[in-house]
Structure formats: structure tokens, C-alpha cells
Amino acid sequence: MSVGHYENFPVGSLVLPRRLRRPVHAIYAFARTADDIADEGDLPNEERLRQLDNLRAELDRLAAGQTPHSELMQRLEREAIRPFNLPLEPFYHLLSAFSQDVVKTRYQHFGELVDYARRSANPIGRLLLHLYGHTDPLSFAQSDGICTALQLINFWQDVAVDWQKGRVYLPQDDLEKFGVSEAQIAEGRADAAFQRLMAHQCQRAHKMLKAGSPLGKTLHGRIGFELRLIILGGQSILRKLEENYYNVFTRRPMLGAKDWWLMLKRAWLKK
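All of these numbers come straight from a predicted model, not from anything done at the bench.

*Asks:* Mind showing me how you'd approach the packing of aromatic side chains here?
*Replies:* Each aromatic ring pair is specified by the distance between its two centres and by the angle formed by the two planes. By the definition in use, this model includes 9 aromatic pairs. Connected via pairs of aromatic rings, a cluster forms that spans Y107, Y116, F155, W156 and Y169. Above the plane of the ring of F140 lies R126, whose end atom (NZ or CZ) is 4.5 Å from the centre. Its guanidinium or amino end placed over the ring of F110, R204 lies 4.0 Å from that ring's centre, counting from NZ or CZ.

Shown next as C-alpha cells:
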């Protein structure tokens, strides 16, 4: 389900048609670079935001019909944006989400998370649909459901990891509703209250993933196969979370060789 730093992104695997691998890699490089600026290393927040603003200025140059300065953005224009006539709005949305990650570490309610996913994950799905030539409203809506679900699943499997970065993506109003404190997250205590909280969040993600899953059968050939693998990966992580009683503090759910074999089989058979 995830490759490298940017976890909601299928990184142009050999499953994809050859003609799409270069543009997919170029889009991934942009997303990974921006994500790393926001999330990796020890840069002060002001420097992170400055570097993200530089990428935004490069998009502005593209929007104005000018050549960007950096090799990263020249490659993006040359291999993805220009040959496939990609819209720039999804790239702006990604930068908006990554900039938000620099300064926002808590989310009051679920709607704020969905809005974040609308800018951090959904643009990737929409860009891929543009590459595939499927830009109808239904495909966009189903893709948004899948991408938002995958973003949420990443949050739920990474509660402990994100705490170490000073971030809590579990909605604050749900923490209060289920009687879970941030002190408990710091302790790594997955008691019954925490399990109920996580089950609630995972059920939300599952419903979104299921609502978008018909897109995996609508898209044909290798593209549909890849998407079905991604959907099955999300479902597998949700299942592993439940089987481990949502204890993400002692073991982060990961996909093993057996999981991949079953996923490949189900994706091939469209089950």
C-alpha cells in the first residue's frame, strides 16, 4: 500500500503501463520532496515553510507559462504536466496540506481531517485519473473516497509514530467522547477505551474505502489491477489493526509476503 515517504502513492510499479511510469515517477518526486520538506530532518518551521513557498513559486511560473528554475519542476512539466495537460490545482493543494503539517499538530473534529485528506491525498488520485483519461465526476468521487480512506488508515496505523513527532491526528472531540487522553497515548496504553476509539475511526475509513472500491473494477487492465491492489492493501491493514486489538504501540501493522500473495490473487480475480 505504501512506498517510500509518501504513503498514499503507487510509485509507478511494473504493473503500470510503460507509458505512465515516467509521469507517475515525476509526480511522486514532487510529492515526496514536498512531504520531506514538511516532515523530515531538523529544519526550523520557518525554513520548511520558505522551501514550500519556493515550490509554490515554481508552480506560479508554470501557471504563467514560464520555465521553472529547478530540475524537479522542469522534470514534472516535461514528463507529466505538459504531455498529459495536467491541471495545476492538485499540486497547489498538496503544498497547502504539507504547509499545514508544519504548523498544525491537532485536529478538533473529523471534518478537519477530511479537509486535510482532500488536499494531502485526494489530489494524487485525481492526477492519476487524468493520466488514465478517466475524469468523469463519478470516478473522481470514488477516487476521493479511496484516497481519503488510505490517508486515514495511515493515521491510525501511525498513532505512536506521529506522537513521537508531536502530532495527534485522532480527533480531539473523539478523544474526549471515548475517554482517551493524550497522556494515555504517550504511555502507549491500548485499553478498552482506546480500542473503542480506534474501532470507530477504522470503521469510518472502511466505509470510505468500500464506497470508492468499484473504481478498481471500472478501470481496466494494469491500471485497474494496481488500484485493486491498493484497495486490498488498505483493507488488510484495517484487518491487522482489528486482529491486534488496535495496539499500535507495540506493533505497527505491516503487509507480509503472505498478505501480498493473497492480495495479488484477489486483485487478479477481481474479488
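*Asks:* Explanation requested: the nonpolar core in the structure shown.
*Replies:* In summary, soluble globular proteins display a tendency toward joint burial of nonpolar side chains. In this structure, I27, L76, F91, Y132, W156, L170 and F194 are the most contacted members of the largest nonpolar core, which totals 75 residues. Top contributing element to this core by residue count: helix α1 (residues 18-39), with 10 residues. Filtering out sequence-adjacent residues up to four positions away, Y132 remains in contact with L16, L20, L219 and I223. One finds F225, L229, L232 and A267 within the second-largest nonpolar core, a separate group that totals 5 residues.

*Asks:* When you look at empty space enclosed by the protein in this model, what are you seeing that I'm missing?
*Replies:* Gaps left between atoms are located by rolling a probe of water-molecule size over the structure's atoms. On inspection of all chains with the given rule, the structure shows 2 cavities of 30 Å³ or more. For the second largest cavity, the calculated volume is near 40 Å³. If you go around the second largest cavity, the residues you meet are F155, D158, V159, D162, R167, V168, Y169, L170 and I185. Each residue belonging to the lining of the second largest cavity can be placed in one class, and the counts come to 6 nonpolar, no polar and 3 charged.

Each value, and the rule that gives it
Residues numbered from 1 in each chain as written. Predicted model: local features only at pLDDT ≥ 70, side-chain atom pairs only at ≥ 80, totals over all residues. Heavy atoms only, no water. Phe/Tyr/Trp six-rings, centres within 6.5 Å; stacked < 30°, edge-to-face > 60°. Lys NZ or Arg CZ within 6 Å of the ring centre and 35° of its normal. Core = buried A, V, L, I, M, F, W, Y, C linked by side-chain atoms within 4.5 Å. Buried < 20%, exposed > 50% of the residue type's maximum accessible area, 1.4 Å probe, protein only. Helix = DSSP H or I, 4+ residues; strand = E, 2+ residues; numbered from the N terminus. Contact = heavy atoms within 4.5 Å. 1 Å grid on protein atoms, 1.4 Å probe; cavity = no way out; pocket = protein on both sides within 12 Å on 5 of 7 lines; lining within 4 Å. Points joined across faces, edges and corners; volume = space filled by probe spheres on them. Nonpolar A, V, L, I, M, F, W, Y, C, P; charged D, E, K, R; others polar.

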